[in-house]
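A closer look at the structure
One letter stands for each residue in the lines below.
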Amino acid sequence: MGAARNPQHALPLQVAAVCYRRRGPSVEFLLVNTNGGNKWTFPKGDPDLSLSHGKAAEREAWEEAGVSGSIEPRHFCLYIHSKGVFWKSPGVREYVIKAFLLQVEREENPPETTRNPTWFGPDEARKILAKGREVKYARELQAVIDRAMERIGLAKAVATR
């Protein structure tokens, strides 16, 4: 019999939209600035009790990046993300992020104007997601790009870098 899960020690959940578009034989990923503006990330936020997790991720893509399209109904990976810094209260807090693939079909100006949505190729996205982060969290985000490439069917592009 498995151990009971203790919700006091469970990490809080957020949802992310891993937005992409095809460019010939390759793909680009849409990243946004974090709230502080000094790092890049996927559009993400808290789930909404009135929406499925996929629909909540789709809403985050619209709010933070101004994009919409086809989102997969099931998440393709989970990753650990951190917010905050140890020298400021409440310190560093970790989150479990459910990531959903969203193939972008439409772009407009996002409601959140400070997010600076920008397209990056896979290699550049992996580098920029790691910049300014602890190695542990950088690797989590880089693995999301790798898993997305596999899911999209472009794993060969990842293997040749």
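Residues numbered from 1 in each chain as written. Predicted model: local features only at pLDDT ≥ 70, side-chain atom pairs only at ≥ 80, totals over all residues. Heavy atoms only, no water.

**Points about the side chain of R21**
One can find R21 in strand β1 (residues 13–23). On the accessibility criterion, R21 (17% relative accessible area) is buried. Of note is the side chain of R21, whose polar atom sits 2.7 Å from the side chain of E28. A distance of 3.3 Å separates a polar atom in the side chain of R21 from a polar atom in the side chain of E107. Aside from chain neighbours lying at most four places away, what touches R21 is S26, V27, E28, E107 and W119. (Helix = DSSP H or I, 4+ residues; strand = E, 2+ residues; numbered from the N terminus. Buried < 20%, exposed > 50% of the residue type's maximum accessible area, 1.4 Å probe, protein only. Polar contact = N/O pair within 3.5 Å; in protein donor to acceptor, adjacent residues only side chain to side chain. Contact = heavy atoms within 4.5 Å.)

**Digging into unusual backbone geometry**
Non-glycine residue N116 carries a positive phi angle of around 50°. In this fold, N116 is placed in the loop between β7 (93–107) and β8 (118–120). The exposure class of N116 is partly exposed, given its relative accessible area of 40%.

**Here we look at the confidence of the model for the protein**
Looking at the protein, pLDDT values average 88 and 86% of them are 70 or higher. Looking at the elements of the protein, mean pLDDT is at its lowest for helix α4 (residues 155–159), recorded as 46, and at its highest for β8, recorded as 98. Of the regions scoring below 50 in pLDDT, residues 1–6 engages in one contact with residues more than four places distant in sequence or in other chains. Under a pLDDT of 50 for its full length, residues 156–161 has, in the predicted model, six contacts with residues more than four places off or in other chains. (pLDDT = per-residue confidence, 0-100.)

**Remarks on the environment of R93**
The residue R93 is located in strand β7 in this model. Owing to a relative accessible area of 47%, R93 belongs among the partly exposed residues under this scheme. Sequence separation between R93 and P12 is 81 residues; the distance between their C-alpha atoms is 9.0 Å. Each residue touching R93, except ones within four places of it in the same chain, is listed here: P12, H81, S82 and K83.

**Notes on the environment of R74**
With respect to the element layout, R74 can be found in the loop between β5 (67–71) and β6 (77–83). What makes R74 exposed here is its relative accessible area of 64%. Sequence-wise, R74 and S52 are 22 residues apart; in three dimensions their C-alpha atoms are separated by 9.7 Å.

**Considerations on the environment of N109**
Position of N109 among the secondary structure elements: in the loop between β7 and β8. It is 9.3 Å that separates the C-alpha atoms of N109 and E63, two residues lying 46 residues apart in sequence.

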